[in-house]
Amino acid sequence: QVQLVESGGGLVQAGGSLRLSCAASGRTFSSYAMGWFRQAPGKEREFVAAISWSGASTYANSVKGRFTISRDNAKNTLYLQMNSLKPEDTAVYYCNAGIRGVVAGGYWGQGTQVTVSS
C-alpha cells in the first residue's frame, strides 16, 4: 500500500507558476506509475499527467507544453510544475498511484486547491 499527501497549491495570477508535490509513504513508491488528476467545481475528475516508474511521461492536451511531471524516487516524491497558468486550470489537484495510461489507480491523496485568478 501507499499513502499520498499533496502540497503546494495556492492562489496565483494568470500566467504565473506553481509546483505541486506529492509525498508518498512506503518503500514501493518507485515501482508505481504515478499521476495527477484534477477536479473543477461541477466537473468530473480529469487526467492531467502521468509518469512511469522509469520516467516516461504523458500529458493531457490541455496542459501539454505548460506542465511538467517528475518524480524523485529517492525522496518518494512526485511533482507537478505548472507554468503559464490559466483560470481554467483552477481545480483541486489529486495525486494518484498505480495509474495505467490515463486510468487512475487505486491510491489517492487528499487533494490540494489551485486557484488561478484572471
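Please read all numbers here as calculations on a predicted model, not as lab measurements. (Residues numbered from 1 in each chain as written. Predicted model: local features only at pLDDT ≥ 70, side-chain atom pairs only at ≥ 80, totals over all residues. Heavy atoms only, no water.)

### Thoughts on the overall build of the protein
Convention followed: Here a helix means four or more residues in a row that DSSP labels H or I, a strand means two or more in a row labelled E, and each is numbered from the N terminus. This radius of gyration counts C-alpha atoms alone. The globule rule is 2.2 Å times how many residues there are, raised to the power 0.38. The classification of residues rests on relative accessible area computed with a 1.4 Å probe and restricted to protein chains. Under 20% of the type maximum is buried, over 50% is exposed, and intermediate values are partly exposed. For accessible areas, the Shrake-Rupley method is used with a probe of radius 1.4 Å. Any residue's cover is judged against the shown protein chains and nothing else. The positive count covers Lys and Arg only, the negative count covers Asp and Glu only, and His and the chain ends enter neither. By convention, charge coordinates are those of NZ in Lys, CZ in Arg, CG in Asp, or CD in Glu.
Counting secondary structure elements, the protein contains zero helices and eleven strands. Listed by position from the N terminus, the elements making up the protein come as β-β-β-β-β-β-β-β-β-β-β. For 118 residues, the compact-globule estimate of 2.2 N^0.38 gives 13 Å, and the C-alpha radius of gyration of the protein, at 13 Å, lies within 12% of that figure. C-alpha extents for the protein along the principal axes are approximately 40 × 25 × 25 Å. Taken over 118 residues, the protein has a buried fraction of 44%. Approximately 6100 Å² of the protein is accessible, and the part contributed by carbon and sulfur atoms is 49%. Here the protein contributes 11 positive and 6 negative side-chain charges, whose respective centroids are spaced 6 Å apart.

### Focus on the state of the cysteines
How we decide: Throughout, a disulfide means two cysteine sulfur atoms within 2.5 Å of one another.
Taken as a whole and assessed by the stated rule, the structure comprises one disulfide. With a sulfur-sulfur separation of 2.1 Å, cysteine 22 is cross-linked through a disulfide to cysteine 95. Handedness of the cysteine 22-cysteine 95 disulfide follows from its S-S torsion of about -75°: it is left-handed. Here cysteine 22, found in strand β3 (residues 18–24), pairs with cysteine 95, found in strand β9 (residues 91–97); they are 73 residues apart in sequence, far enough to count as distant. Both residues of the pair, cysteine 22 and cysteine 95, count as buried.

### Considerations on the sheet that holds β3
So the rule is basically this: Two strands make a pair as long as DSSP finds a minimum of two bridges between them. Note on geometry: axes are C-alpha line fits, over the in-contact stretch for helices, and angles between N-to-C directions span 0 to 180 degrees.
If you walk across this open sheet you meet the four strands as β1-β3-β8-β7, and the pairing is antiparallel. The open sheet has two edge strands, β1 (4–7) and β7 (67–72), and neither has a second partner. Recorded for the sheet is a direction-independent mean angle of 15° between the axes of neighbouring strands. In this sheet, strand β8 (residues 77–82) lies alongside β7 in antiparallel orientation, the contact comprising six bridges. Of the residues in β8, the one forming a bridge with serine 70 is tyrosine 79.

### Here we look at the pattern of salt bridges
Convention followed: Here a salt bridge means any side-chain nitrogen of Lys or Arg lying within 4 Å of a carboxyl oxygen belonging to Asp or Glu.
Applying the stated criterion to the full structure yields three salt bridges. Measuring nitrogen to oxygen at the nearest pair gives 2.9 Å for the salt bridge that ties aspartate 89 to arginine 38. Remark: arginine 38 occurs in strand β4 (residues 34–39) and aspartate 89 occurs in the loop between β8 and β9; sequence separation between them is 51 residues. Neither aspartate 89 nor arginine 38 differs from the other in exposure class; each is buried.

### Observations concerning the environment of valine 116
Here valine 116 lies in strand β11 (residues 112–117). With relative accessibility at 6%, the residue valine 116 sits in the buried group. With 99 residues separating them along the chain, valine 116 and serine 17 place their C-alpha atoms 9.6 Å apart.

### With respect to the pairing of β4
β4 sits mainly inside the fold: five of its six residues count as buried. Two strands pair when backbone bridges link them, and β4 and strand β5 (residues 46–51) are joined in this way by five bridges, in the antiparallel orientation. Along β5, the bridge assignment pairs arginine 38 with glutamate 46. A loop of six residues connects β4 with β5, the two strands running antiparallel in sequence, and glycine 42 in this loop sits at a positive phi of about 80°. The pairing of β4 with β9 spans six bridges and is classified as antiparallel. Across the sheet, glycine 35 pairs through a bridge with asparagine 96, a residue of β9.

On their own, these measurements won't tell you what the molecule is for.
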